[in-house]
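Below, each chain spelled out in residue letters.
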Protein chains: 2
Amino acid sequence: MLILLIGKLAMNEKEFLKKYDIHDFDVPLCTVDMAIFGIIDNELNVLLVRRDEHPEKDKWALPGGFIDLKEDKNIDATAYRKLQEKTGVRSPYLEQIQTVGSGTRDSRGWSITVLYFALIDVNKVKDNLITERSRWIPVSKARRLGLAFDHQALVALANGRLKAKTTYSALPIELMPKEFTLTELQTVFETILERDLQLKAFRRRLLAADLVEETGNSKIAGKRPAKLYRSTGKDRNTTFSQSLKI
Amino acid sequence: MLILLIGKLAMNEKEFLKKYDIHDFDVPLCTVDMAIFGIIDNELNVLLVRRDEHPEKDKWALPGGFIDLKEDKNIDATAYRKLQEKTGVRSPYLEQIQTVGSGTRDSRGWSITVLYFALIDVNKVKDNLITERSRWIPVSKARRLGLAFDHQALVALANGRLKAKTTYSALPIELMPKEFTLTELQTVFETILERDLQLKAFRRRLLAADLVEETGNSKIAGKRPAKLYRSTGKDRNTTFSQSLKI
DNA sequence: TCAATAGTGTCTTTCAGACACTATGCT
DNA sequence: AGCATAGTGTCTGAAAGACACTATTGA
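Draft legend 1. Highlighting a positive patch on the surface. Residues and elements named next belong to chain A. A surface patch of positive charge is lined by Arg135, Lys141, Arg143 and Arg144. Considering the arrangement of structural elements, one finds Arg135 in strand E7 (residues 134-138). Overall, the relative accessible area of 36% leaves Arg135 in the partly exposed class.

Draft legend 2. Focus on the protein's contact with DNA strand D. Every one of the 21 residues lining DNA strand D counts as a neighbour, but Arg205 and Arg224 of chain A together with Lys200, Arg224 and Lys227 of chain B are closest to it. Within 4 Å of the protein, the atoms of DNA strand D are drawn from sugar and phosphate moieties in a proportion of 60%. Contact between DNA strand D and Gln242 of chain A: a sugar or linking oxygen at 3.5 Å from a side-chain N or O atom of the residue. Its residues assigned to classes, the surface near DNA strand D comprises 5 nonpolar, 5 polar and 11 charged.

Draft legend 3. Seen up close, the packing of helix H5 (residues 151-168) of chain B against helix H6 (residues 182-193) of chain B. All names here are of chain B. Look at H5 against H6: their axes get within 9 Å of each other, and the N-to-C directions meet at 130°. With respect to H6, the axis of H5 lies oblique. Both H5 and H6 take part in a crossing whose hand is left-handed. Here H5 contributes Leu162, Lys163, Thr166 and Thr167 to the contact with H6, which in turn contributes Phe189, Ile192 and Leu193. Per-class residue counts for the contact of H5 with H6 are 4 nonpolar, 2 polar and 1 charged.

Draft legend 4. Region of the structure containing the interface of chain B and chain A. Facing 41 residues of chain B, the contacting portion of chain A comprises 41 residues. Here chain B packs against chain A, burying approximately 3800 Å² in sum over the two surfaces, 62% of which is carbon and sulfur. Remark: the boundary between chain B and chain A carries 2 salt bridges. Between Lys70 of chain B and Asp26 of chain A there is a salt bridge whose closest N-O contact spans 3.6 Å. At the boundary of chain B with chain A, the tally comes to 9 residue pairs in polar contact (both at pLDDT 80 or more). Only helix H2 (13-19), strand E1 (29-40), strand E5 (93-102) and strand E6 (111-119) of chain B provide two or more residues apiece to the side of chain B that touches chain A. Top element by residues in the side of chain B that touches chain A is E5 of chain B. It accounts for 6 residues. Residue composition of the side of chain B that touches chain A, by class: 19 nonpolar, 14 polar and 8 charged.

Draft legend 5. Local environment of the pattern of salt bridges. According to the stated counting rule, one finds 32 salt bridges over all chains in the structure shown. Between Glu214 of chain B and Lys227 of chain B there is a salt bridge, with its nearest N and O atoms 3.4 Å apart. Note that Glu214 of chain B is positioned in strand E9 (residues 212-219) and Lys227 of chain B in strand E10 (residues 226-231), a separation of 13 residues in sequence. Bridged by salt links that share partners, the residues Asp72, Arg81, Lys82 and Glu85 of chain A form one connected network.

Draft legend 6. Fine view of the protein's contact with DNA strand C. Near DNA strand C, the surroundings consist of 22 residues, among which Lys200, Arg224 and Lys227 of chain A together with Arg224 and Pro225 of chain B are the closest. In DNA strand C, atoms within 4 Å of the protein come from the sugar-phosphate backbone in 61% of cases. Within the side chain of Arg224 of chain A, an N or O atom sits 2.9 Å from a base nitrogen of DNA strand C. Note that a phosphate oxygen of DNA strand C is positioned 2.8 Å from one of the backbone N or O atoms of Lys227 of chain A. Of all the secondary structure elements, the ones that give two or more residues to the surface near DNA strand C are helix H7 (199-208) and strand E10 (226-231) of chain A together with helix H7 (199-208) of chain B. The biggest single contributor to the surface near DNA strand C is H7 of chain A, with 4 residues.

Conventions adopted
- Residues numbered from 1 in each chain as written.
- Chains lettered and ligands numbered in written order.
- Predicted model: local features only at pLDDT ≥ 70, side-chain atom pairs only at ≥ 80, totals over all residues.
- Heavy atoms only, no water.
- Patch = residues over 30% accessible without salt bridge, like charges linked within 9 Å, V, L, I, M, F, W, Y side chains within 5 Å.
- Areas by Shrake-Rupley, 256 points an atom, 1.4 Å probe, with all protein chains shown as cover.
- Salt bridge = Lys/Arg side-chain N within 4 Å of Asp/Glu carboxyl O.
- Lys, Arg positive; Asp, Glu negative; His and termini not counted.
- Charge placed at Lys NZ, Arg CZ, Asp CG, Glu CD.
- Helix = DSSP H or I, 4+ residues; strand = E, 2+ residues; numbered from the N terminus.
- Buried < 20%, exposed > 50% of the residue type's maximum accessible area, 1.4 Å probe, protein only.
- Near = heavy atom within 4 Å.
- Polar contact = N/O pair within 3.5 Å; in protein donor to acceptor, adjacent residues only side chain to side chain.
- Nonpolar A, V, L, I, M, F, W, Y, C, P; charged D, E, K, R; others polar.
- Axes fitted to C-alpha atoms, helices over the stretch in contact; angles between N-to-C directions.
- Parallel < 35°, antiparallel > 145°, perpendicular 65-115°, else oblique.
- Left-handed = near helix turned anticlockwise from the far one by under 90°.
- Contact = heavy atoms within 4.5 Å.
- Buried area = accessible area lost by both parts, 1.4 Å probe.

Spelled out as structure tokens, the structure:
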């Protein structure tokens, strides 16, 4: 390899690229992993798949895979593709979280993974994609499952980011169905933050920022009907100047 | 490659790993790039190097390079190593920003880079490391230099993150020398935020959060001597509940 | 009419913004 | 004394926290 490099010193760029072959170098394994969150029965769930190949065969893991150098224009495209394959959802909230890499996290060798998280309305997921080997699992239970590789830590990372963002944005709206009551939304916030919120302060914050609007419909859950709201679509960008206490 | 995969289906994990060779696969090029920031004459500077190899030879670029699969335990280690090579600084503030990857950003092929940013006191940088091909350049001027690859965008990304963090934390303290006046610190904040700050509000915020403490010394810049402060070391963790207006 | 859930009024607290004011040392 | 820079006092305003209160429905 050293000889290769020395040989390249005198070349111009075109000649250099002609001789360049990435397979001459030791490179890390490179994957994209997805933490896809959804709310089921007021609980935060993450979509996990059972690995059907070595290594860590049959263990639960975050969905993910390799970058397709032919098809994917950039890394976000890889993430969108994976998400599409696993859920069929068209335009989810998707955000890159962090890249984790080390010589020990994967038995195949030095590997890095680019971790993304996605927030989706579970109702939008195609039914046939939820199977014995591809399931929603409550984040609290995922801990006890002994996930593949360092995916335990990746779930914690993603969950931490979601929690942090929930203190200063309205991102959890992305987890809701088209129409929802503010009580339902507050419960989702409370689930993520793992603490109760003041009802008045919560509504005031969302309404003042114009993040939700009434649909005109209401929902009866036995007692007084609750007004139904829809997202105004501003939730992906809004950050409140003051964040909720932790 | 398909045949390889099929052949592996029946194996156990040990056999699988024995036959596994990453060079069988198409993998992206993978690098780590550093946006190292420092303050010189009240201006935000970034450390740039002139590339002395193809591709993009002789263009200015962010310092960076490949992961050393033998030496680096994890990606952070790669970043620390690069930083040490370029500055000699021992324990800088270092944080991963984002990973950028696409098929077009590097002429050698599909490539990803893990971008970090570091904040350092420029006085701590070893003199002999600042040369004709490794220089501090004001962020405002870096724009006009036509950086290599997509490094223009990477600098903007790093700068944006620094600016955002400066509205809700006291991170810029990491750019200061051991002792500094609050006026100097405020000027650094103003440089990063590209706007003036209220003197009273600035001091109140920092002092109330116990982020700086008096050293007992003072500094005469011609007129009334200004008290010198030092960091209490809390600046890396503190986030204010209320962020500064943009 | 009462239980249960939905939703409002309003006082308090916290902290940033604004700006007039005082303090100190050099010339 | 005057000036330039360092630093304080204090009022205002915005938004979160707390909590008592009212509203709407079904049984």
